[in-house]
Amino acid sequence: MMIGLKLKWLAAALLLLSSCASHPDVPSSSEKVNALPAIFPDYCNVTVPCNIAPLNFMLPAGEYEACVARLTTSDGQQQTFGDGVKVQIPVEQWHAMLAASKGSSVKVEVWGKKDGGWLAFRPFEIHVAKEPIDEYLSYRLIEPSYIVYDYMEIAQRNLTSFEETQIFNNKVSCDDPKGQCINCHSYQNYKTDNMLFHARVTRGGTVIVNDGKVSKVDLKRDNTISAGVYPAWHPSARLIAFSTNQTHQVFHTSHPNKVEVFDEASDLILYDVTTDSVSIVSNDPDLLEVFPTWSPDGRFLYYCKSVPLPEELLGKDIRSTYKKVQYNIYRRPFDVATHNFGDEELVYDAASHDKSATLPRISPDGRCLLFAEGQYGCFHIWHHDADIVCLPLGEGDPSPLDLSGLNCQGRAESYPTWSSSGRWIMCASRRDDGNYSRVYISYFNNGKAEKAFMLPQEDPEQNTYRLKSYNRPEFMVEPVRISVSEFSRVFK
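Just so you know, the residues in each chain are numbered from 1, in the order the chain's sequence is written. Reporting in this predicted model follows two pLDDT cut-offs: at least 70 for local features of residues, and 80 or more for side-chain atom pairs to be given and counted; totals over whole chains, interfaces and linings ignore these cut-offs and use all residues. Neither water nor hydrogens contribute to the side-chain values; these are computed over all heavy atoms in the structure.

Participant: What is the right way to read the overall build of the chain from this model?
Facilitator: Elements are defined by DSSP. Helices are runs of H or I of four residues or more, strands are runs of E of two residues or more, and each kind is numbered from the N terminus. Scanning the chain for helices and strands turns up five helices and 34 strands. The C-alpha radius of gyration computed for the chain amounts to 25 Å, which stays within 12% of the reference 23 Å derived for 492 residues, consistent with globular compactness. Considered along the principal axes of its C-alpha atoms, the chain spans approximately 80 × 50 × 45 Å. For the chain, buried positions account for 53% of its 492 residues. In the chain, of all internal contacts separated by at least 6 residues, the share reaching a separation of at least 24 is 57%. For the chain, the accessible area works out to roughly 21,800 Å², and carbon and sulfur atoms hold 49% of it. The quantity called the radius of gyration is restricted to C-alpha atoms. Its globule counterpart is 2.2 Å times the number of residues to the power 0.38. Relative accessibility thresholds used throughout: buried, under 20% of the residue-type maximum; exposed, over 50%; partly exposed, between the two (1.4 Å probe, protein chains only). Working rule for contacts: check all heavy atoms of both residues, and any pair within 4.5 Å makes them a contact. To be clear on the numbers: accessible area is Shrake-Rupley with a 1.4 Å probe, and residue cover counts the displayed protein chains and nothing else.

Participant: In this structure, what is going on with the nonpolar core? I would like to understand it.
Facilitator: Side chains of nonpolar character tend, in soluble globular proteins, to be buried together. Within the largest apolar cluster, 61 residues are counted, with the highest numbers of intra-cluster contacts made by Ile52, Phe57, Leu71, Trp94, Val110 and Leu403. Those residues in contact with Leu71, other than ones at most four positions away along the chain, are Gln77, Gln78, Gln79, Phe81, Ile89, Trp94, Met97, Val106, Lys107 and Val108. Counting 23 residues, the second-largest nonpolar core is a separate cluster that includes Cys184, Ile362, Cys378 and Val389. Put simply, a nonpolar core is a bunch of buried Ala, Val, Leu, Ile, Met, Phe, Trp, Tyr and Cys residues held in one set by side-chain atoms that sit within 4.5 Å of each other.

Participant: I tried to follow the environment of Glu345 on my own but got confused; where do I start?
Facilitator: Turning to its location among the elements, Glu345 is positioned in strand E25 (residues 345-348). With 63 residues separating them in the primary sequence, Glu345 and Cys408 have C-alpha atoms 32 Å apart. Beyond its immediate sequence surroundings of up to four residues, Glu345 is in contact with Phe300, Ile329, Tyr330, Arg331 and Pro333.

Participant: Explain the environment of Val477 here, please?
Facilitator: Take Val477: it is sitting in the loop between strand E34 (469-476) and helix H5 (484-488). Here the alpha-carbon distance between Val477 and Ser419, two residues 58 residues apart in the chain, equals 9.1 Å. Setting aside its immediate chain neighbours within four residues, Val477 contacts Asp134, Tyr136, Tyr190, Lys191 and Ser420.

Participant: How do you make sense of the pairing of strand E13 (residues 180-188) when you look at a structure like this?
Facilitator: On any regular strand, side chains alternate: one points to one face of the sheet, the next to the other face. Within E13, nine of the nine residues are buried, which leaves the element mostly enclosed by the surrounding structure. Where E13 lies against strand E14 (residues 191-201), seven bridges are found, and the strand directions are antiparallel. Directly across from Gln180, in E14, lies its bridge partner Val201. Pairing between two strands is assigned when DSSP locates at least 2 bridges connecting them. What sits between E13 and E14 in their antiparallel hairpin is a turn of two residues, with Asn189 showing a positive phi close to 55°.

Participant: When you look at the packing of aromatic side chains in this model, what are you seeing that I'm missing?
Facilitator: Aromatic rings in a pair are described by how distant their centres are and how their planes are angled relative to each other. Stacked, edge-to-face and tilted labels apply to pairs of Phe, Tyr and Trp rings (six-membered ring for Trp) whose centres lie within 6.5 Å, assigned for plane angles under 30 degrees, over 60, and everything in between, in that order. Considering all chains together, one arrives at 15 aromatic pairs under this definition. With a centroid separation of 6.1 Å and 70° between ring planes, the pair formed by Tyr64 and Phe121 is classed as edge-to-face. Taken together, the positions of Tyr64 in the loop between strand E3 (57-58) and strand E4 (66-72) and Phe121 in the loop between strand E8 (117-120) and strand E9 (124-128) put the pair 57 residues apart, joining distant regions of the chain. Centre to centre, the rings of Tyr230 and Phe291 are 4.6 Å apart; their planes meet at 45°, and the pair counts as tilted. With a gap of 61 residues between them, Tyr230 in the loop between strand E16 (213-217) and strand E17 (231-233) and Phe291 in strand E21 (residues 289-294) connect regions that are remote in the sequence. Take Phe291: its relative accessible area is 5%, and that puts it in the buried class.

Participant: Help me understand the sheet that holds strand E26 (residues 356-362) in this model?
Facilitator: Two pairing modes exist for strands in a sheet, parallel and antiparallel, and in both the strands are linked by backbone hydrogen bonds. Read from one edge to the other, the open sheet built from three strands follows the order E26-E27-E28, with strand pairing classed as antiparallel. Of all the strands in the sheet, the pair left with one neighbour each is E26 and strand E28 (387-392). This sheet shows a mean twist of 30° between the axes of neighbouring strands, independent of strand direction. As judged from the six bridges shared by strand E27 (residues 368-374) and E28, these two strands associate in the antiparallel manner. Residue pairing for E28: Leu370 is matched across the bridge by Cys390. To obtain an axis, a line is fitted to C-alpha atoms, over the contacting stretch when the element is a helix, and the angle between two such axes runs from 0 to 180 degrees between their N-to-C directions.

Participant: What should I look at first to understand the side chain of Lys86 in this one?
Facilitator: With respect to the element layout, Lys86 can be found in strand E6 (residues 86-87). Within 3.5 Å is the distance limit for a polar contact, defined as a pair of N or O atoms, with the added protein rule that one can donate a hydrogen and the other accept it, and that residues adjacent in sequence qualify only through two side-chain atoms. In terms of polar contacts, Lys86 uses its side chain to reach the side chain of Glu461, at 2.9 Å. Leaving out residues up to four positions away in the same chain, Lys86 has contacts with Phe57, Met58, Asp459, Pro460 and Glu461.

Participant: Sorry, what's going on with unusual backbone geometry here?
Facilitator: Both trends apply: most residues other than glycine have a negative phi, and most peptide bonds are in trans. Across the junction of Phe40 and Pro41, the peptide omega takes the value -10°, indicating a cis bond. Its location among the elements puts Pro41 in the loop between strand E1 (31-32) and strand E2 (47-48). Of note, Asp211 is a non-glycine position whose phi angle comes to about 50°, a positive value. Here Asp211 shows up in the loop between strand E15 (205-210) and E16. The backbone of Tyr415 shows a phi angle near 50°, a positive value even though the residue is not glycine. Structurally, the position occupied by Tyr415 is in strand E29 (residues 413-418).

Participant: When you look at the pattern of salt bridges in this model, what are you seeing that I'm missing?
Facilitator: Between side chains of opposite charge, a pair can form when the charged atoms approach closely. Basic side-chain nitrogens of Lys or Arg form a salt bridge, by our definition, when they fall within 4 Å of a carboxyl oxygen of Asp or Glu. Under the counting rule described, the total for this entry stands at 21 salt bridges. Residue Asp284 is joined to Lys305 by a salt bridge in which the shortest nitrogen-to-oxygen separation is 3.5 Å. In this pair, Asp284 sits in the loop between strand E20 (277-282) and E21 while Lys305 sits in strand E22 (residues 300-306), placing the two residues 21 residues apart along the sequence. Residue classification places Asp284 among the partly exposed residues on the basis of a relative accessible area of 21%. By relative accessible area, Lys305 is classed as buried at 9%.

Participant: How do you make sense of the confidence of the model for the chain when you look at a structure like this?
Facilitator: Fine structural detail should not be taken from predicted coordinates in areas where pLDDT scores are low. pLDDT expresses how confident the predictor is about each individual residue, on a scale running from 0 to 100. With 95% of its residues at a pLDDT of 70 or more, the chain shows a mean pLDDT of 92. Segment residues 1-21 is flagged for pLDDT under 50; beyond a separation of four residues in sequence, or across chains, it makes one contact in the model.

Participant: Even after reading the chapter, I still don't get the side chain of Glu260, so can you show me in this structure?
Facilitator: Following the sequence through the fold, Glu260 ends up in strand E19 (residues 259-272). Within the buried core, Glu260 has no salt-bridge partner, and the shortest N-O distance to an opposite charge, that of Lys323, equals 8.4 Å. A distance of 3.1 Å separates the side chain of Glu260 from the side chain of His383, its partner in a polar contact. Setting aside residues no more than four positions away along its own chain, Glu260 makes contact with His248, Gln249, Val250, His252, Tyr322, Tyr376 and His383. His residues and chain termini do not enter the charge count, which takes Lys and Arg as positive and Asp and Glu as negative.

Written as structure tokens, this is what we have:
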């Protein structure tokens, strides 16, 4: 009995010590500062899903000696956190605070120690939406350099925690010095029983998962200019739309955009997974067609198509024409029973505004068109003027919805994506340093995008010392359960 009591007292003491270590006291005296804290990432007054991972943050390490944060839920519960200049919140405690503040907000007070004294910053709120976010996210991790076939991986992240696992990497099945590129992971209806990704160069092909079964397919056919490139699964049928592209890149010596990626030719094809057959959707010999995407009901295929160059530029070198290449958004009606497409319809005339629209995505309710837009070209992730645009679908020329909370002026935003509920928008952004693209998420609230927040990490410094770009972020409602080794078998 005595031993048992001693063990209980010891456990209680250890719990108290750990509690003190993770929940420091707020400073007894401090100087008030009429400004929000300069935390990284910037989570001041953002709106987050009710199931998101902890929004850990930090004060600048070279400027501050310590940081303490007090979080107060809408029902008055309080917790303090701080370790050095970082605030890292245990997942279980964070989710309890979110649950207590769903539909309301968590108040955050931050103190920073500087030159031996404490500063008390103006409090801010983290608004907690009632709507959850899809639990999983996948992306390609790649250096923002031109060593295309160096180590790269497609990874998946649990958005409710910090768990990240690998879907595939380009070294597990490649021993050729030419290397292998992997890209363009895609899912049918946010699920992973039907998905794909591409492998290029060594043992190249498109890896397709059909009802959980893995195979590798060569999509280059006699009547296509290349294998399939940018994919889009039909929402209900075993059909995938692709573009086929002859893509090149050039490098600027002084231009701030650094890289220009362009197509010499591009068409649209439809791949039937069941019959392994490819049919042509559109192959205008004079114009470029790219970035297919389906409407949620599968009745329309949307895509981007270039406008004709001025006559005086026809046949000229790309150095003379690249700033004049602009894309509009079109769609074709589709009959799923016959696999026939109807006539082309213009949806958005970007060129009439001296703009170029790319990467269209239709909202799950079919009411909104989301896309990236810059002045020219089709590869906006390197264009500093590129923003995300959202238009209501309907008659006439609609006005863009307010996405100022998602976009960052003067930095590239690209690859917009809807969550399965349509309440969250995600994009890849170079807003932090101009070099690395990182994931930002925004709450889509009655036609307006609230202030975007960076993908949370367990260590808030992770997105500064992880020297990788997050490429093609895609929402998923479930994880990929096929192992890396199982995927690698189709390459052998």
